[in-house]
Amino acid sequence: MARKVISVSQILANGNKSHLTKEEIEKRQEQEEELKKLSNDKIRPPTWLNKGAKKIFKDIVKELEALEILANIDIYNLAILSNAFDKYIEATLKLNSDELTIEHVNKKGFSTTQKNPLITVQMEYAELVRKVSNEFGLTPAARLKIIQDNSKELDEDEKEFNRKFGYV
């Protein structure tokens, strides 16, 4: 599995353990500057989110503002992430006050022990949170990977190789 892409400032702060050349550092800094051109003046939670999801939305925005990677186009993906995370918390709280297994009586009257359906709900929301965070560029590594895919300096063969095999 390929390593996650991290920002140049993080690489330099860690002592350039990646051994990037000056040209590579300059190229990566230019790519990161492209992110800052996107408008980010309307990042507010949508009205259809419930109170808990709006708080999560605002917390995520507050944390990511320092990285300067958010743009207005991220609002709906952030809303999906916030809503899924809120539902995950809700399922977890209900599961904490409930049993992990439940007794189920079938049509013939036989009783069986089954896992609590809340476990499945919790796992589905956890998976959705992971997918939205990574696949839609809501993590810094994912966003930098998108910028590198669209870099003008890569030719089509290099882009295709990176799509198939990752950044090795």
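Summary of the structure given here. (Residues numbered from 1 in each chain as written. Predicted model: local features only at pLDDT ≥ 70, side-chain atom pairs only at ≥ 80, totals over all residues. Heavy atoms only, no water.)

A closer look at the overall build of the protein
Reasoning step 1: Each helix and strand in the protein was counted, giving seven helices and two strands.
Reasoning step 2: For the protein, the sequential pattern of α-helices and β-strands runs α-α-α-α-β-β-α-α-α.
Reasoning step 3: The burial tally for the protein puts 35% of its 168 residues in the buried class.
Reasoning step 4: The long-range fraction of contacts in the protein, counting pairs at least 24 apart against all pairs at least 6 apart in sequence, stands at 54%.
Reasoning step 5: Only carbon and sulfur atoms are counted for the fraction: they give 54% of the accessible area of the protein, which is about 12100 Å². (Helix = DSSP H or I, 4+ residues; strand = E, 2+ residues; numbered from the N terminus. Buried < 20%, exposed > 50% of the residue type's maximum accessible area, 1.4 Å probe, protein only. Contact = heavy atoms within 4.5 Å. Areas by Shrake-Rupley, 256 points an atom, 1.4 Å probe, with all protein chains shown as cover.)

Describing the pattern of salt bridges
Reasoning step 1: In total, this model carries four salt bridges according to the counting rule given.
Reasoning step 2: The partner of lysine 55 in a salt bridge is aspartate 59, and the shortest N-O contact between them spans 3.1 Å. Of the two residues, lysine 55 and aspartate 59 both sit in helix H3 (residues 51-65), four residues apart, roughly one turn of that helix.
Reasoning step 3: Look at lysine 55 and you get exposed, because its relative accessible area is 51%.
Reasoning step 4: A salt bridge links glutamate 90 to lysine 94, with the shortest nitrogen-to-oxygen separation between them at 3.5 Å. Of the two residues, glutamate 90 and lysine 94 are both situated in helix H4 (residues 75-96); the distance of four residues between them amounts to about one turn of the helix.
Reasoning step 5: We classify lysine 94 as partly exposed; its relative accessible area is 45%.
Reasoning step 6: Bridged by salt links that share partners, the residues Lys87, Glu90 and Lys94 form one connected network. (Salt bridge = Lys/Arg side-chain N within 4 Å of Asp/Glu carboxyl O.)

Considering the packing of aromatic side chains
Given two aromatic rings, their pairing is described by the distance between the two centres and the angle made by the two planes.
Reasoning step 1: Counting across every chain of the model gives one aromatic pair.
Reasoning step 2: Consider the rings of phenylalanine 85 and tyrosine 88, whose centres lie 6.3 Å apart with planes at 5°: the pair is stacked. In this pair, phenylalanine 85 and tyrosine 88 both sit in helix H4, three residues apart, roughly one turn of the helix.
Reasoning step 3: Residue classification places phenylalanine 85 among the partly exposed residues on the basis of a relative accessible area of 34%.
Reasoning step 4: Judged by its relative accessible area of 26%, tyrosine 88 is partly exposed. (Phe/Tyr/Trp six-rings, centres within 6.5 Å; stacked < 30°, edge-to-face > 60°.)

Some words on H3
Reasoning step 1: The terminal C-alpha atoms of H3 lie 21 Å apart, and with 15 residues this matches the ideal 21 Å at 1.5 Å per residue to within 8%.
Reasoning step 2: Along H3, the residues classified as buried are Ala53, Ile56, Phe57, Val61 and Leu64. One side of H3 holds all its buried residues, which, seen down the axis, span an arc of 135°. With respect to the buried face of H3, the exposed residues turned more than 90 degrees away are Lys51, Lys55, Lys58, Lys62, Glu63 and Glu65.
Reasoning step 3: On the buried face of H3, the contacting elements are H4. (Expected span 1.5 Å × (residues − 1). Arc of directions from axis to C-beta.)

As for the pairing of strand E1 (residues 101-105)
Reasoning step 1: In the sheet, E1 pairs with strand E2 (residues 111-115) via five bridges, with the strands oriented antiparallel. Looking at E2, one finds that isoleucine 102 is bridged to glutamine 114.
Reasoning step 2: Two successive antiparallel strands, E1 and E2, enclose a turn made up of five residues, where glycine 109 displays a positive phi of approximately 90°. (Pairing = 2+ DSSP bridges.)

With respect to a nonpolar patch on the surface
Reasoning step 1: Residues Phe85, Ile89 and Leu93 make up a contiguous nonpolar surface patch of about 250 Å² in total accessible area.
Reasoning step 2: As for its placement among the helices and strands, leucine 93 is situated in helix H4.
Reasoning step 3: Owing to a relative accessible area of 53%, leucine 93 belongs among the exposed residues under this scheme. (Patch = residues over 30% accessible without salt bridge, like charges linked within 9 Å, V, L, I, M, F, W, Y side chains within 5 Å.)

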